[in-house]
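Results of the structural survey
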Amino acid sequence: MSFSSEDQSCAGGDDNVPPPQGYRRFAWRSGNSANSLLFEQRAVAVNLGLLGALLFASVIYLSLGSVKVAPVAVLQALFGNADMMASFVVQELRLPRLVAAVSTGAAFALAGILMQTLARNRLATPGIIGIDNGATAFAVASIVGLGVSIAPPAMALAGATTAAVLTFGLAAGNGTQGYRFIVAGIGVGAVFGAITQLMLARVAIDTANAAYPWTVGSLNARPSGALQLLTLGLALGLATAMALARSLTLLRFKDATASGLGVNVKRRRLEVLLLSVALTGLAVAVAGPVGMVGLIGPEIARSLASSRSVPILAATLAGALVMVLADLAGRTLLAPIEIPVGIVTAVVGGPWLLWILMRPQRSFT
Amino acid sequence: MLLLLTALVAVSLVSLLIGAGSVGPGRALALLSGAQDSEAHFIVWELRAPRTLMGIVVGMALGVAGALLQAVARNPLAEPGLLGVSAGAAFAVALALVLGASAATLRISVAQLGALVGCVCVLSVARFHGVGNDPIRLVLAGAAFSGLLASLTSLILLYDQRAADEIRFWVIGSLAGRRLDDLFGVLPSMLIASVMVALIARPLAALALGERVASGLGHHPNLIRWLVIACVALLVGAATAIAGPIAFVGLVVPFVARAFAGPDIRRTLWFCLPIGPLIVLAADIISRVVVAPSELPLGVLTALCGAPVLIAVVRARRLPML
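Attention here is on the structure that accompanies the text. Every value quoted in this text rests on a predicted model; they were computed, and no experiment measured them.

A few words on the overall build of chain A. Within chain A one finds 15 helices and three strands. Looking at chain A residue by residue over its 365 residues, the buried ones come to 52%. With the model as given, the accessible surface of chain A reaches about 15,200 Å², and the carbon-plus-sulfur share is 65%.

So, on to unusual backbone geometry. Residue and element names in this part refer to chain B. Not every positive phi belongs to a glycine, and phenylalanine 248 is a case in point at roughly 75 degrees. By the secondary structure assignment, phenylalanine 248 is in the loop between α10 (221-243) and α11 (249-261). Since its relative accessible area comes to 3%, phenylalanine 248 is described here as buried.

Right, let's get into the pattern of salt bridges. Tallied over the full model, the rule gives eight salt bridges over all chains. In this structure, glutamate 338 of chain A and arginine 97 of chain A form a salt bridge, with 3.0 Å as the shortest nitrogen-oxygen distance. Residue glutamate 338 of chain A is found in the loop between α14 (312-332) and α15 (341-358), and its partner arginine 97 of chain A is found in helix α4 (residues 84-119); the two are separated by 241 residues along the sequence. Take glutamate 338 of chain A: its relative accessible area is 26%, and that puts it in the partly exposed class. Judged by relative accessible area, arginine 97 of chain A falls into the buried class, the value being 8%. The closest approach of N and O atoms between aspartate 284 of chain B and arginine 51 of chain B, which form a salt bridge, is 2.8 Å. Linking aspartate 284 of chain B in helix α12 (residues 265-289) with arginine 51 of chain B in helix α3 (residues 38-73), this pair joins segments that are 233 residues apart in sequence.

What follows is about the nonpolar core. Judged by nonpolar contacts, the single largest core of 220 residues is most densely connected at Ile182 of chain A together with Leu68 of chain B. Among the elements that line this core, the one with the most residues is α4 of chain A, at 16 residues. One finds Leu17, Ala28, Ala40 and Val44 of chain B within the second-largest nonpolar core, a separate group that totals seven residues.

Taken residue by residue, the interface counts 42 residues in chain B and 49 residues in chain A. Summed over both partners, the interface of chain B with chain A comes to about 3,800 Å²; 73% of that surface belongs to carbon and sulfur atoms. Counting the surface chain B buries against chain A, the share from its top three residues, Arg137, Leu140 and Arg168 of chain B, is 17%. Along the contact surface separating chain B from chain A lie zero residue pairs in polar contact (both at pLDDT 80 or more). Counting only elements with at least two residues in the side of chain B that touches chain A, the list comes to α6 (135-159), α7 (161-170) and α13 (298-315) of chain B. Of all the elements, α6 of chain B adds the most residues to the side of chain B that touches chain A, at 15 residues.

Cut-off values and rules
- Residues numbered from 1 in each chain as written.
- Chains lettered and ligands numbered in written order.
- Predicted model: local features only at pLDDT ≥ 70, side-chain atom pairs only at ≥ 80, totals over all residues.
- Heavy atoms only, no water.
- Helix = DSSP H or I, 4+ residues; strand = E, 2+ residues; numbered from the N terminus.
- Buried < 20%, exposed > 50% of the residue type's maximum accessible area, 1.4 Å probe, protein only.
- Areas by Shrake-Rupley, 256 points an atom, 1.4 Å probe, with all protein chains shown as cover.
- Salt bridge = Lys/Arg side-chain N within 4 Å of Asp/Glu carboxyl O.
- Core = buried A, V, L, I, M, F, W, Y, C linked by side-chain atoms within 4.5 Å.
- Contact = heavy atoms within 4.5 Å.
- Buried area = accessible area lost by both parts, 1.4 Å probe.
- Polar contact = N/O pair within 3.5 Å; in protein donor to acceptor, adjacent residues only side chain to side chain.

Set out below in structure tokens:
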């Protein structure tokens, strides 16, 4: 996590001032101006650790399955000098799915931590406040053919936006924060869930089966085009989030404090909300509602990182890691039957959520 | 109360008269006044009359269960559908379907068992660290629990396409095309539940004054709680076995009932008896006519109407404490 040094004024560009404890400063001069970047040592360590774990998990992911490929052969296949069979399995079958897992996990977790910071509540993830359900309902509508000819990914985005507008619109008034906002979201989500069930019951079983991945969250049916859109959106979104990192850190305080520290609270809120909704919509378009990742990823990141800043990058990496591991478990645990990744995360994430709720109420916001 | 009963009779009559099909109110009325019309006879007496009966039973069960659960959790948002009691019942039924159970009576007891487990789980979570004292946290816990059970249900259905086909019609919650056998099957447990409600109503009213007062008056708070939980499980399980999971009825009915009856749980329970069927039947009638000639299932309609109520309740500046 990086943000620029705040003691420019008193230091007057002098980079001899020792950095705050736990931080490391990288300073350089170009011409007359002195530049420096401040890194939190712990954040760097956490991010590198998570990245390493993600890479390790990815190799395992590529090697396990109905056809086992030794990890060494996986690496060879990735760099293009392995036998036909291994490189086909790794490059053609598993790599696209791995990319989908990493990018959807990252997008869900990034959207989750953005929304949590916005709502000042660690349970306010898009999955819980009904945005996933909205996206799913719209995507299913386009699959079961309710006279809609727009592709599922676009519909998922539209659904996510609709649900977000509904939730925020209904919860406005006494605060976009706190639990009331979440319960409003649960209500909105219940409505969209009911509509989805209704649509599924209306159509023939084959069509219902085609829509099934959308209702539980699965990496099996990845619509072409949606993944490219997601990776693009994720890259842009992550860059934007990193640029907003400092304001996000300050948004955790009261509105008055944050604006006193120079944050345009209303505008930032809107930006962060839009970013979070767009990421959720795109991720649902690829994988369906795997909502729990948006809760688990940030939760892991927060427990690892210090509380000085919002661990955006760490949450994103942790989300990708969770998604890869969950899909790996879903593919291999009950092989040859494949458990959709959404079920794996819900079975793990549900008890986790209950555990968070049952702990004493010290760190809820 | 008299007004409510009259309204209930009127709504039941309307439920007989109005439907999605070709037999309109005119023909049905003619039949009721003695005309010979075999098609209308079939529709009204074979389809709509059982459906109306089931609506009445389901409404009573869900309304009373909601009122009991709200009283024992002292939480106006405690609703069987939101707290995962219905999800527990649905999960149990899905499990039974996959394992090959088809007898109606077995389905009922399985649903009740599932509801019992769901109820115990959520309320025991609620007793940890005062989650139950915060209405909204309790709802969140219920949502987490329901989500978990729903995923487990999906997981079970992965194994069995036949069950998946059957269950997708059942999980929406509807009174259409349900078997009358189910209704007769639940009558014994409904009877047991009403006796239990009659027995615990007084102690429950004492419990509303606080645990100490209740024990001072010679009641046993823990025993009362367990009886209430068993009662809720019987009622919700029965309603779910008949109609599938129907959310938000248990939230809305006690709310309306309290508006009539005031804070006393005994009066509230009495008022729930006509109000529950009234609301369920009204919703069922609306569900037949809004998208006629097809039907909008009851569960979808209650979600559409109940979610705004939920949001209105949490938006209210102060949650009404029980």
